[in-house]
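# Structural features, examined
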Amino acid sequence: MSTSYSGSELPTGRAGNRTYSACSAQPLREWKTGLFDCFEDTSTCCYGFWCCPCLACTVSGRFGENSCLPLCDLCSPAAFAFCGIPLFAPPVSVSLRSSMRNRHGIKGSICKDIAISCCCLTCSWCQMHREIKDLNKNQVIIINNQPAPVMMMAQPPMVVNQHGIPVTSY
């Protein structure tokens, strides 16, 4: 029996009180820090408070996307308003938050991502930054330091004459 699903209908399983994603057998987990846990990492909190666009660009770059992508959140409301289309949700923030949840198996929904990005944008970027910092802290990097290969110069052939004196010929 084969079943096909569209993108929005991917199955999620429930076993007891655990929710599993369709892509992995691991249960979905919560964010490592809460949305308003700014005092868990005060440097991130200050970075987000004093320069949220810079923090957003840092998060985007560390997540593997273009570092300038969050700047679209600054420009898109004006561009859409010029065309007569009201835009309230910052598209890049919502997309990155949703991608981060899906990549790392974090519980949530697109509706929650939109609500958080509309109401608590700076806190959302701070939470994503703390999540990435925590994930990068737990990575193991193996460095293989091998010495550089050494090239040996070939010695010219030695010929010894009848008196026992070495003579080099080219």
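Quick note: structure is the one above.
Residues numbered from 1 in each chain as written. Predicted model: local features only at pLDDT ≥ 70, side-chain atom pairs only at ≥ 80, totals over all residues. Heavy atoms only, no water.

## Re the overall build of the protein
Counting secondary structure elements, the protein contains six helices and four strands. Secondary structure of the protein in N-to-C order comes out as β-β-α-α-α-α-α-α-β-β. Among the 170 residues that make up the protein, the fraction classed as buried is 27%. Taking contacts inside the protein between residues at least 6 apart in sequence as the whole, the part at least 24 apart equals 57%. For the protein, the accessible area works out to roughly 12,300 Å², and carbon and sulfur atoms hold 61% of it. (Helix = DSSP H or I, 4+ residues; strand = E, 2+ residues; numbered from the N terminus. Buried < 20%, exposed > 50% of the residue type's maximum accessible area, 1.4 Å probe, protein only. Contact = heavy atoms within 4.5 Å. Areas by Shrake-Rupley, 256 points an atom, 1.4 Å probe, with all protein chains shown as cover.)

## A few points about the nonpolar core
Where a protein is soluble and globular, its nonpolar side chains tend to be buried together. Formed by 14 residues in total, the largest nonpolar core has its most connected members in V59, M100, W125 and M128. Taken together, the elements giving at least two residues each to this core come down to α2 (52-63), α4 (91-104) and α6 (121-137). Of all the elements, α2 adds the most residues to this core, at five residues. Those residues in contact with M100 that sit more than four places away from it in its chain are W31, V59, F63, I106, M128, E131 and I132. (Core = buried A, V, L, I, M, F, W, Y, C linked by side-chain atoms within 4.5 Å.)

## What about the environment of S99?
Counting through the fold element by element, S99 comes out in helix α4. Taking C-alpha positions, S99 is 9.4 Å from F63, a pair spaced 36 residues apart along the chain.

## Side note on the state of the cysteines
Scanning the entire structure with this criterion turns up one disulfide. C45 carries a free sulfur, and the closest cysteine sulfur to it, the one in C38, is 3.5 Å from it. Unpaired in this structure, C57 has its nearest cysteine sulfur neighbour in C68, at a distance of 5.8 Å. Residue classification places C57 among the buried residues on the basis of a relative accessible area of 17%. (Disulfide = S-S within 2.5 Å.)

## Section: the packing of aromatic side chains
All chains considered together, the criterion is met by one aromatic pair. With 4.8 Å between their ring centres and 85° between their planes, F49 and W50 make a pair best called edge-to-face. On the basis of relative accessible area, F49 is assigned to the exposed category, the value being 60%. Above the plane of the ring of F63 lies R103, whose end atom (NZ or CZ) is 3.9 Å from the centre. (Phe/Tyr/Trp six-rings, centres within 6.5 Å; stacked < 30°, edge-to-face > 60°. Lys NZ or Arg CZ within 6 Å of the ring centre and 35° of its normal.)

## Quick word on helix α5 (residues 110-119)
Turning to α5, its buried residues are D113, I116 and S117. Around the axis of α5, the buried residues are gathered within 95° of arc, so they sit on the same side. Along α5, exposed side chains directed more than 90 degrees from the buried face belong to C111 and C119. At its buried positions, α5 is contacted by α4 and α6. (Arc of directions from axis to C-beta.)

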